[in-house]
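Chain residues, written in single-letter form:
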Amino acid sequence: MMKKWPHFLEITLLTASVLFLAEGLSQVRASKIGDVYGSMTSASLIRASKVSPNSQTTFDILLKPRNQADMYQEALDVNSPTSSSFKQYLTASGFREKYGQPTSVTKDWQKYLKKYHLQTSVYDNGITLAVSGKVKNMNKLFQVDLNKATYHQDPLQFGKKKPAVPARLSKTVWTVLGAADHNRNYFFPNTQDHFAQSSNAATTKGYTSRFTDHYQVNKLYDQGMSGQGQTVGIIAFAGVKRSNINHFWKHENAGTWKNRLVIKSVKTDHFVPAYNRDDDEATMDTEYSGSVAKNANIRLYVAKSGLPTLAGLVNAYTTAYDENKASALSTSWGMGPASLFDTLVKRKVMTPDYLKVFNFVFAQGALQGISNFIASGDMGAYKYRINGVYKNRVLLDRSVQDADPISTNPWVTSVGGTTLPFKQPMKTRNITLGTITNEKERAWGSDYMWSFFQQFPDYFAAAPSVLTQVAVGSTGGFSHLYKTPQYQKNVPGVNTFYARPALSQLGQPIYDAALTQGTDYGRNYPDIAANADPTTGYQVYQVKKKGSSWKKSGGTSVASPQLAGVAAIINSGRQQRMGFWNPQIYQLATQKQTPFTPLNDTDNNSNLYYTGQPNTDYNQASGLGIVNFNQLASVYK
């Protein structure tokens, strides 16, 4: 998994590594093999930056929502065709009237915090207060040193002393985000794998048309729908260069008018000072959302925290909701697996209410009729799991039991990945050793390479770094963090599974594994899938100091922004927004004339563990499957 936990990869078939085979095993150093396994089983810590008394930072106070049970029910109702409230979306201020705190409460908070020389931005939902100012004034407010702040039972207490906040205000507080982000016990695992990057120049394939032609988006173009009058929002933790974006859009015959791309900075703390102003992930997301929705506006909501933080994510989404310009949002960033969150909660540097916060934030988007897409991830079924911390190292393994609480949230559409048909010769010194072939669109999982590796059993010993590069695929399975959502219940394939384990605990291929089947529970994910395998992937334009400006890329994080682009296209041909997709698409998947094609084979069709499920509408490798978007637009209400 990448250092910033984005769901993004740049890999190619590893033809260069085959050269090692001709050299013989005697030249392989044991330390090289040890280094590879070491990187797969542990990672260094990226610790939070310390703050000085006069430095500026931000934290969030989340106030208690009113009538939460009604809020979640209404979020389903406005997106369910059978409900009398269908399409009766709220604005952010309308949300506040029903579920937020009144203006009198937030003004009282502003007045109180001003006494500490702190500025307070109140979001329109009446729940989220972004508080900015000098650290010394925050220390005085909380009676603590922010570098040592920890969570307590009282939501405003971060040290030994309970702050003297008036009872009329303290009783309105749900939780606080970001106050403990500078504690040295807050960390991210530095698990960035060094994936092989393609130096190939752009070809005639692998651009937007690979997606739009294959999934029938081009037929929507023929009907005059191209995203006009719509806005797509991208949630990011890094920036882009406009010159790269405009060059790509021009190449793809998409709009390049002035101010088509708006970059909106989000209030947040700074976990680490390093902020990437020309990020691979943000560039790819922005380029492809805007090339699919050729005539939609694009807004990039950037939290400049250096790494993804809970406060940054909440403020990015809440900023988008306040503006209410974007009818579809996408993000490719994760904050790590649940095992990381649980570790941070135990260290008292993460709010124990983080799951409730995610539910609240994403449900607000559903209430406002915003289509929310999140990349499911690129590690296949076997996610990295935090097993402990020893000194400056994080102990890791991979498990199908862990899950990202963002991409598996029941209020978002989780986007998985597939692989398109291809043939790839594996050569060394102009000698073809064999050919890797994929004959059908299938769930993305690198086990299509296994037959080649069986032919060359010394391959991994000769090139051990390949182990970190082949154990990839579309992340999917069961998230036990959440209950099975109502829209998934009674859908054939949900909470049952077929599986064929393709990796050992040390990340080595397992050949000819037996097919098993069983039952499980929780939030099944992803919801839908599209081509994401870098082998059959896309070209991204980004000027670099070395190498070509065009590079072959992929990951579920290129599928997700393209889905957001499709939502904008369909919205451009109707009066009302599509809204939150899941309640409708699970209904449509069970109908005879469905726009979904489930990928249900049990052979050559896995995300390294889960396969298709025969005669069902859903599987955990690719969700409801691939989509005919022209047909979806015609039947989606």
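Residues numbered from 1 in each chain as written. Predicted model: local features only at pLDDT ≥ 70, side-chain atom pairs only at ≥ 80, totals over all residues. Heavy atoms only, no water.

*Asks:* Teacher, can you tell me more about the environment of Leu141 here?
*Replies:* By the secondary structure assignment, Leu141 is in helix H6 (residues 135-142). Sequence-wise, Leu141 and Tyr610 are 469 residues apart; in three dimensions their C-alpha atoms are separated by 50 Å. Apart from the residues lying within four places of it in its own chain, the contact partners of Leu141 are Phe59, Tyr112, Leu113, Tyr116, Leu118 and Pro163. (Helix = DSSP H or I, 4+ residues; strand = E, 2+ residues; numbered from the N terminus. Contact = heavy atoms within 4.5 Å.)

*Asks:* Would you mind going over the packing of aromatic side chains with me for this structure?
*Replies:* For any pair of aromatic rings, the description consists of the separation of the ring centres together with the inter-plane angle of the planes. In total, this model carries 42 aromatic pairs according to the counting rule given. Aromatic side chains Phe237 and Trp333 sit 6.3 Å apart centroid to centroid with 55° between the ring planes, which places their arrangement in the tilted category. Highlighted residues: Phe237 in the loop between strand S7 (231-236) and helix H10 (242-251) and Trp333 in the loop between strand S10 (328-331) and helix H13 (338-346), separated in sequence by 96 residues. Trp333 matches Phe237 in its accessibility class, with the two residues each being buried. Ring-pair connections join several aromatic residues into one group, and the members of that group are Tyr72, Trp411, Tyr487, Phe580, Tyr586 and Tyr618. The ring of Trp249 carries Arg260 above its face, with NZ or CZ at 4.1 Å from the centroid. The residue whose ring lies beneath Arg398 is Tyr384, and the NZ or CZ to ring-centre distance is 5.7 Å. (Phe/Tyr/Trp six-rings, centres within 6.5 Å; stacked < 30°, edge-to-face > 60°. Buried < 20%, exposed > 50% of the residue type's maximum accessible area, 1.4 Å probe, protein only. Lys NZ or Arg CZ within 6 Å of the ring centre and 35° of its normal.)

*Asks:* I tried to follow the nonpolar core on my own but got confused; where do I start?
*Replies:* Note that soluble globular proteins tend to have their nonpolar side chains buried in a common cluster. Ranked by internal contacts, the top residues of the largest apolar core, which has 158 residues, are Trp109, Trp581 and Phe629. If we skip the residues at most four places from it in the chain, Trp581 touches Ser371, Phe373, Thr413, Ile528, Leu563, Ala567, Phe629, Leu632 and Tyr636. Residues Ile436, Trp450, Val466 and Val470 belong to the second largest nonpolar core, which totals 31 residues. (Core = buried A, V, L, I, M, F, W, Y, C linked by side-chain atoms within 4.5 Å.)

*Asks:* Where do I start with the sheet that holds strand S5 (residues 173-177) in this structure?
*Replies:* To summarise the sheet geometry, strands pair through backbone hydrogen bonds and adopt either a parallel or an antiparallel arrangement. The strand order across the open sheet built from 4 strands is S3-S4-S2-S5, with neighbouring strands paired in antiparallel fashion. This sheet does not close on itself; its edge strands, each paired only once, are strand S3 (119-122) and S5. Between one strand and the next, the sheet's axes are offset by a mean angle of 25°, whatever the strand orientation. Bridge count between strand S2 (residues 56-63) and S5: 4 bridges; the pairing is antiparallel. By the bridge assignment, Asp60 is partnered in S5 with Leu177. Running at roughly 120° to strand S4 (residues 128-134), H6 makes contact with S2, S4 and S5 of the sheet. (Pairing = 2+ DSSP bridges. Axes fitted to C-alpha atoms, helices over the stretch in contact; angles between N-to-C directions.)

*Asks:* Looking at this structure, I do not really get the side chain of Ser42. What am I missing?
*Replies:* Structurally, the position occupied by Ser42 is in strand S1 (residues 42-47). Among the residues examined, Ser42 registers a relative accessible area of 15% and is labelled buried. Polar side-chain contacts of Ser42 include one of 2.9 Å to the side chain of Arg393. Discounting chain neighbours no more than four positions away, the residues touching Ser42 are Arg393, Val394 and Leu396. (Polar contact = N/O pair within 3.5 Å; in protein donor to acceptor, adjacent residues only side chain to side chain.)

*Asks:* Would you mind going over the confidence of the model for the protein chain with me for this structure?
*Replies:* Reading predicted coordinates in detail is not appropriate for stretches of low pLDDT. Chain-level statistics for the protein chain give a pLDDT mean of 91 and a share of 93% at 70 or above. Across residues 1-29 the pLDDT falls below 50, and counting only partners more than four positions away or on other chains, this stretch makes 121 contacts in the model. In this model residues 193-204 is a low-confidence stretch, pLDDT under 50, and it forms 30 contacts with partners more than four residues away in sequence or in other chains. (pLDDT = per-residue confidence, 0-100.)

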